[in-house]
Amino acid sequence: MVKIKDLRAMSVDELEARLVECKKEQLSLRIQQATGQLQNTSAISKVRKEVAQINTLLTERKKNS
């Protein structure tokens, strides 16, 4: 999980790349949960929170530019 401070320091392109990575990780975690292989269930909510933070930052930057 990346801290919001670090996310704010990233450019729009870096944020979009990180968003793609997070969505892939989220899919992987959902598949693991469905097959019963996921041991750390809190990882899903952490990734979901990071996706929301990135989306919020991208929206803020697009409104300001």
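Bear in mind that the values here come from a model prediction, so they are computed numbers and not experimental data. (Residues numbered from 1 in each chain as written. Predicted model: local features only at pLDDT ≥ 70, side-chain atom pairs only at ≥ 80, totals over all residues. Heavy atoms only, no water.)

Engineer: For this particular structure, what's the right way to read the overall build of the protein chain?
Structural biologist: Within the protein chain, the secondary structure is distributed over 3 helices and 0 strands. What you see in the protein chain, going N to C, is helices and strands ordered as α-α-α. For the C-alpha atoms alone, the extent of the protein chain along its principal axes is close to 45 × 15 × 15 Å. Classification of the 65 residues of the protein chain by burial places 28% in the buried group. In the protein chain, of all internal contacts separated by at least 6 residues, the share reaching a separation of at least 24 is 76%. Total accessible area on the protein chain stands at roughly 4,800 Å², and carbon and sulfur atoms take up 50% of it. Both charge centroids of the protein chain, one from 13 positive and one from 8 negative side chains, sit 7 Å from each other. (Helix = DSSP H or I, 4+ residues; strand = E, 2+ residues; numbered from the N terminus. Buried < 20%, exposed > 50% of the residue type's maximum accessible area, 1.4 Å probe, protein only. Contact = heavy atoms within 4.5 Å. Areas by Shrake-Rupley, 256 points an atom, 1.4 Å probe, with all protein chains shown as cover. Lys, Arg positive; Asp, Glu negative; His and termini not counted. Charge placed at Lys NZ, Arg CZ, Asp CG, Glu CD.)

Engineer: I tried to follow the pattern of salt bridges on my own but got confused; where do I start?
Structural biologist: Once the charged atoms of two side chains with opposite charge are near each other, the side chains can pair. Counting across every chain of the model gives 3 salt bridges. Note that R8 is salt-bridged to E60, the shortest N-O span being 3.7 Å. With R8 in helix α1 (residues 4-8) and E60 in helix α3 (residues 42-64), this pair connects stretches of sequence that are 52 residues apart. Given a relative accessible area of 49%, R8 falls into the partly exposed group. (Salt bridge = Lys/Arg side-chain N within 4 Å of Asp/Glu carboxyl O.)

Engineer: Got a minute to help me understand the confidence of the model for the protein chain in this structure?
Structural biologist: Residues shown with low pLDDT carry predicted positions that ought not to be read at fine detail. Model confidence for the protein chain is summarised by a mean pLDDT of 95, while 100% of its residues fall at 70 or above. Put simply, α1 is where the protein chain has its lowest mean pLDDT, 94, and helix α2 (residues 12-35) is where it has its highest, 97. (pLDDT = per-residue confidence, 0-100.)

Engineer: How do you make sense of the side chain of E50 when you look at a structure like this?
Structural biologist: Mapped onto the elements of the fold, E50 is located in helix α3. Filtering out sequence-adjacent residues up to four positions away, E50 remains in contact with M1, V2, R18 and C22.

Engineer: How should the nonpolar core be read in this particular structure?
Structural biologist: The tendency in soluble globular proteins is for nonpolar side chains to be buried as a group. The biggest cluster of nonpolar side chains holds 14 residues, and the ones touching the most others in it are L7, L15, L29 and I54. Breaking this core down by element, the ones donating at least two residues are α2 and α3. Ignoring anything within four residues of it in the chain, the contact list for L7 reads V2, L15, Q53, I54, L57 and R61. (Core = buried A, V, L, I, M, F, W, Y, C linked by side-chain atoms within 4.5 Å.)

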